[in-house]
Structure formats: structure tokens, C-alpha cells
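# Chains, contacts and geometry: an overview
The lines below spell out each chain.
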Amino acid sequence: MPNHKKIDKTDVKILELLQQDSRITTAQLSEELSLSTSPCWRRVKQLEDTKIIKGYGVLLDRKKINLGVMVFIRVSIDSHSEKEAKKFEEEVTALDYVVACYSIGGDADFLLQVVSPDLDTYAEFSMSIIRRLPGIKEMQSMFVLKEIKPFIGFPVKPSQ
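Residues numbered from 1 in each chain as written. Predicted model: local features only at pLDDT ≥ 70, side-chain atom pairs only at ≥ 80, totals over all residues. Heavy atoms only, no water.

In the annotation of an unreviewed UniProt entry, the entry for the chain reads Lrp/AsnC family transcriptional regulator, and the organism field reads Acinetobacter junii.

This is how it looks when you write it as C-alpha cells:
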């Protein structure tokens, strides 16, 4: 099966509903879409097969699981060799408090999203773990004061 699929309005609705509640049943989906269950199931399966749907998950309230601090860290590395960047990526991927890492353009090389129970724990983590990752030249922490619009899903539009 090809990995590219045109997304139509029905697919958009399926993706929106699944992003809102990944536990929605095929029967509930088909009712929302005014579609019988078999074609609805086939559409979801095709979205999975083409990797548009990469998996299913749960959104957690980080504060209720004792992760009250969120920080974005801009990181610049010394060497821009592929080997050094790969080593940094491997090590940062293994860190539990790093919940996302992006290679970025601009005046930094990476952007890390980090969570922590409190400021003291973050300070210890940033100074003894992050600061010691291979090749770090510079890092800048930006503390989240208030989440205005946390990530809950991607905007989905039909393919052109």
C-alpha cells in the first residue's frame, strides 16, 4: 500500500474525532460521519496503513502527575559534524524529562522541551545532565509561566 494518500473531508473528520478521543469506537465514528461501520473501519485502517495515524495515545495533565515545571531549552553545539549531532540526539533521546527535541534553524541547533517536578529538580537536571551532553557549546532556558494553548492535535485539511 502506498505511503501517500489524498485526504478528503471524511478523513479530516475521522482524524479530528480521533485526536479528540482516541478511544472512540468505530460504531461511534460511523454514527458521527453518517457512514456504515465497514467503510468507516476501512478508512481508519487505510489511515493507519499509510502511517497518517502513527499510533494512539492518552493526554495527561502533567501537573497532576507531579511535573509542574515546563522549560524549553535552546541548545547550540560545538561541532556540526553528523557524528557529533547524532551522538547528541542519541543521548538526549534517552532522557525521561526531555519530552520533545527538535533540530532547528536559526541561532541555535536544537530545541528541547523539558518537564520537571519543581525548579530545584530542573536546576539539578539542567546542570548535571543537559549541560554535560556531548558537544554543548551554549544553552538557554525559557520557563513556561502559563500554558495558553497546549498541544492536543494537528490541524487537518483535505489534500489539494
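Don't stop here, the text continues.
### Topic: the environment of Lys-63
Mapped onto the elements, Lys-63 comes out in the loop between helix H3 (37-49) and strand E1 (69-77). Note on Lys-63: relative accessible area 57%, which makes it exposed. Between the alpha carbons of Lys-63 and Pro-117 there is a distance of 8.3 Å; along the sequence they are 54 residues apart. (Helix = DSSP H or I, 4+ residues; strand = E, 2+ residues; numbered from the N terminus. Buried < 20%, exposed > 50% of the residue type's maximum accessible area, 1.4 Å probe, protein only.)

### Points about the packing of helix H1 (residues 9-20) against H3
It is the contact of H1 with H3, at a shortest axis distance of 11 Å, that shows an interaxial angle of 80°. In terms of orientation, H1 and H3 fall into the roughly perpendicular class. Residue-level contacts link Thr-10, Asp-11, Ile-14, Leu-15 and Leu-18 of H1 to Arg-43, Val-44 and Leu-47 of H3. (Axes fitted to C-alpha atoms, helices over the stretch in contact; angles between N-to-C directions. Parallel < 35°, antiparallel > 145°, perpendicular 65-115°, else oblique. Contact = heavy atoms within 4.5 Å.)

### Comments concerning a nonpolar patch on the surface
Together, Val-58, Leu-60 and Ile-65 make up a nonpolar patch on the protein surface, roughly 330 Å² of accessible area in all. Relative to the assigned elements, Val-58 resides in the loop between H3 and E1. The class for Val-58 is exposed, based on a relative accessible area of 69%. (Patch = residues over 30% accessible without salt bridge, like charges linked within 9 Å, V, L, I, M, F, W, Y side chains within 5 Å. Areas by Shrake-Rupley, 256 points an atom, 1.4 Å probe, with all protein chains shown as cover. Salt bridge = Lys/Arg side-chain N within 4 Å of Asp/Glu carboxyl O.)

### Structural notes on the nonpolar core
The biggest cluster of nonpolar side chains holds 19 residues, and the ones touching the most others in it are Ile-73, Val-75, Phe-88, Val-98, Leu-112 and Ile-130. Top contributing element to this core by residue count: E1, with 5 residues. Ranked by size, the runner-up nonpolar core spans 14 residues in total, among them Ile-14, Cys-40, Val-44 and Ile-53. (Core = buried A, V, L, I, M, F, W, Y, C linked by side-chain atoms within 4.5 Å.)

### Observations concerning the sheet that holds strand E4 (residues 136-143)
The 4 strands are arranged E2-E3-E1-E4 in an open sheet whose pairing can be described as antiparallel. Bordering the open sheet on either side are strand E2 (98-103) and E4, each of which pairs with just one other strand. In this sheet, neighbouring strand axes are inclined to one another by 20° on average, regardless of whether the strands run parallel or antiparallel. Sitting on the sheet, helix H4 (residues 82-93) is in contact with E1, E2, strand E3 (110-116) and E4, with an inclination near 15° to E3. In the packing of helix H5 (residues 119-128) onto the sheet, contacts are made with E1, E2, E3 and E4, and the angle to E4 comes to roughly 165°. (Pairing = 2+ DSSP bridges.)

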